[in-house]
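As a plain string of letters, each chain reads:
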Amino acid sequence: MAFEGLTERLQNAMKRLRGKGKVSESDLRDTMREIRLALLEADVNFDVVKDFVKTVRERAAGAKVLEGLNPAQQIVKIVDEELTKTMGETATPLNKSTKIPTIIMMVGLQGAGKTTTAGKLANRLKTEDKARPLMIAADVYRPAAIDQLVTVGKQIDVPVFEMGTDTDPVEIVRQGLAKAEEDHNDYVFIDTAGRLQIDEQLMDELARIKELAHPDEIMLVVDAMTGQNAVATAEGFNDKLDVTGVSLTKLDGDTRGGAALSIRAVTGKPIKFVGEGEKMSDLDVFHPDRMASRILG
Ligand code: GDP
């Protein structure tokens with residue numbers, strides 16, 4: 001279960017306040033220390049934790065809270081609101097072009113879940129909006145990547161444009177977009193190559209694809225289970241490509257929650273979707289408020 005440890009620790013941190021008619025400065029200090037430790041243990045970015053604790057402390061220290069009715073309940077509410085704010089406040093929809101096709105470029109490290117997420121998103125648009133997406137296989141370094149996209153395409157009944165592994169990815173994208181135009185597809189997903197870590201060559205290639213395709217959405221896919229590495233990856237991709245949105249995958253296996261809580265605050269870019277399983281239907285819109293409630297348990 002996601003956030004298992006964090007939920008338990010936050011609940012414990014706030015339990016000691018419950019039942020107190022009045023919360024003293026030292027009670028508050030102890031609680032804030034525990035919240036801070038809980039967040040750090042959940043692998044939340046250090047600066048994010050610092051800002052978060054400072055804001056909650058300032059708000060909670062207000063006389064109205066400490067001396068008012070039910071201070072514990074009010075502090076829980078403040079933590080809930082600030083968690084929501086840290087994660088971006090409200091859900092951010094997928095960017096959409098005013099004329100078809102809307103072009104979505106999927107980027108991220110190898111294994112993060114790009115291909116799976118492209119399939120999940122295409123499937124969602126197809127079933128919910130009756131959209132007609134096309135997926136372009138632009139990862140020419142791993143033949144298995146193309147096969148995987150083709151398999152996903154068959155599974156969700158979405159066409160895949162591929163030219164094998166011998167053509168330059170930028171040329172594949174150019175021809176794929178021409179095909180989409182010809183077939184009047186309303187969405188195009190570009191499944192790009194990933195590496196085990198960020199390198200210049202990959203970034204240059206992605207920049208060239210971006211320049212050619214002018215994507216409406218550059219969707220960075222990051223693996224929630226990698227915690228602060230996911231945050232560093234997000235910063236790296238965002239610096240080079242100015243991404244427009246983030247999809248956080250494998251939340252089903254993430255017991256800590258550090259990536260979900262840090263990415264928005266560190267990069268300024270919204271988490272738009274979360275993946276919580278391997279099935280094509282395992283994709284949800286990211287709602288910061290619901291996530292905050294879930295974290296608080
Ligand atoms: P890519 O290299 O970035 O294209 O990554 P893939 O799409 O091939 O995904 C890598 C692995 O992660 C695959 O085995 C996927 O089934 C798995 N995966 C992707 N998203 C999720 C998710 O949200 N939850 C779980 N449990 N597995 C996922």
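Residues numbered from 1 in each chain as written. Predicted model: local features only at pLDDT ≥ 70, side-chain atom pairs only at ≥ 80, totals over all residues. Heavy atoms only, no water.

Bringing the overall build of the chain into the picture now. Helices and strands together make up the secondary structure of the chain, namely 12 helices and 8 strands. The principal-axis extent of the C-alpha atoms belonging to the chain is close to 70 × 40 × 30 Å. Residues classed as buried in the chain amount to 52% of the 297 residues present. Across the chain, every contact between residues at least 6 apart in sequence was considered, and the portion connecting residues at least 24 apart equals 76%. One finds the centroid of the 40 positive side-chain charges in the chain at a distance of 6 Å from the centroid of its 48 negative side-chain charges. (Helix = DSSP H or I, 4+ residues; strand = E, 2+ residues; numbered from the N terminus. Buried < 20%, exposed > 50% of the residue type's maximum accessible area, 1.4 Å probe, protein only. Contact = heavy atoms within 4.5 Å. Lys, Arg positive; Asp, Glu negative; His and termini not counted. Charge placed at Lys NZ, Arg CZ, Asp CG, Glu CD.)

For the rest of this paragraph, the subject is the site of the ligand. Around the ligand there are 18 residues in total, and Gly111, Lys114, Thr116, Asp252 and Glu278 lie nearest to it. At 2.5 Å from an oxygen atom of the ligand is found a side-chain nitrogen or oxygen belonging to threonine 116. Separating an oxygen atom of the ligand from a side-chain N or O atom of glutamate 278 is a distance of 2.6 Å. Expressed as a share of its isolated accessible area of 580 Å², the protein-covered part of the ligand is 81%. The leading source of residues in the shell around the ligand is helix H6 (residues 114-129), at 4 residues. Considering only residue class, the shell around the ligand consists of 2 nonpolar, 9 polar and 7 charged. (Near = heavy atom within 4 Å. Polar contact = N/O pair within 3.5 Å; in protein donor to acceptor, adjacent residues only side chain to side chain. Areas by Shrake-Rupley, 256 points an atom, 1.4 Å probe, with all protein chains shown as cover. Nonpolar A, V, L, I, M, F, W, Y, C, P; charged D, E, K, R; others polar.)

A separate point is the UniProt feature "domain: SRP54-type proteins GTP-binding" (unreviewed entry) in the chain. Residues annotated in UniProt with the feature "domain: SRP54-type proteins GTP-binding" (unreviewed entry) correspond here to residues 270-283. Annotated as residues 270-283, this span is 0% helix and 43% strand, and its ends, taken at the C-alpha atoms, are 16 Å apart. (UniProt positions renumbered as here; feature names shortened; annotations may be inferred.)

What follows covers the confidence of the model for the chain. Summing up the model confidence of the chain, the mean pLDDT is 94 and the portion of residues at 70 or higher is 99%. Note on the complex model: pTM 0.95, ipTM 0.99. (pLDDT = per-residue confidence, 0-100.)

This next bit is on the sheet that holds strand S3 (residues 160-161). Spatially, S3-S2-S4-S1-S5-S6-S7-S8 is the arrangement adopted by the 8 strands of the open sheet, whose pairing is mixed. Bordering the open sheet on either side are S3 and strand S8 (283-285), each of which pairs with just one other strand. Pairing analysis gives 3 bridges linking strand S6 (residues 245-249) to strand S7 (residues 271-275), with the strands arranged parallel. Looking across to S7, one finds that leucine 248 is bridged to valine 274. Docked against the sheet, helix H7 (residues 143-156) engages strand S2 (133-138), S3 and strand S4 (187-192), running at close to 165° with respect to S2. (Pairing = 2+ DSSP bridges. Axes fitted to C-alpha atoms, helices over the stretch in contact; angles between N-to-C directions.)

So, about the pairing of S2. Side chains on a regular strand alternate between the two faces of the sheet. Within S2, 6 of the 6 residues are buried, which leaves it mostly tucked inside the rest of the structure. Neither face of S2 is open: one carries Pro133, Met135 and Ala137, the other Leu134, Ile136 and Ala138, and all of them are buried. Bridge count between S2 and S4: 6 bridges; the pairing is parallel. Paired with alanine 137 across the strands is aspartate 191, a residue of S4. Once you follow S2 into H7 and on to S3, the crossover reads as right-handed. (Right-handed = clockwise from strand over helix to strand, strands pointing away.)

Once that is clear, we can look at the pattern of salt bridges. Proximity of charged atoms lets side chains of opposite charge pair with each other. All chains considered together, the criterion is met by 21 salt bridges. Across the pair lysine 126 and aspartate 157 runs a salt bridge whose closest N-O atoms are separated by 4.0 Å. Of the two residues, lysine 126 sits in helix H6 while aspartate 157 sits in the loop between H7 and S3, which places them 31 residues apart along the sequence. Notably, a salt bridge pairs glutamate 217 with lysine 272, separated by 3.0 Å at the nearest N-O pair. Highlighted residues: glutamate 217 in strand S5 (residues 217-223) and lysine 272 in strand S7, separated in sequence by 55 residues. With relative accessibility at 0%, the residue glutamate 217 sits in the buried group. Among the charged side chains, a salt-bridge network with shared partners connects Arg59, Lys77, Glu81, Glu82 and Lys85. (Salt bridge = Lys/Arg side-chain N within 4 Å of Asp/Glu carboxyl O.)

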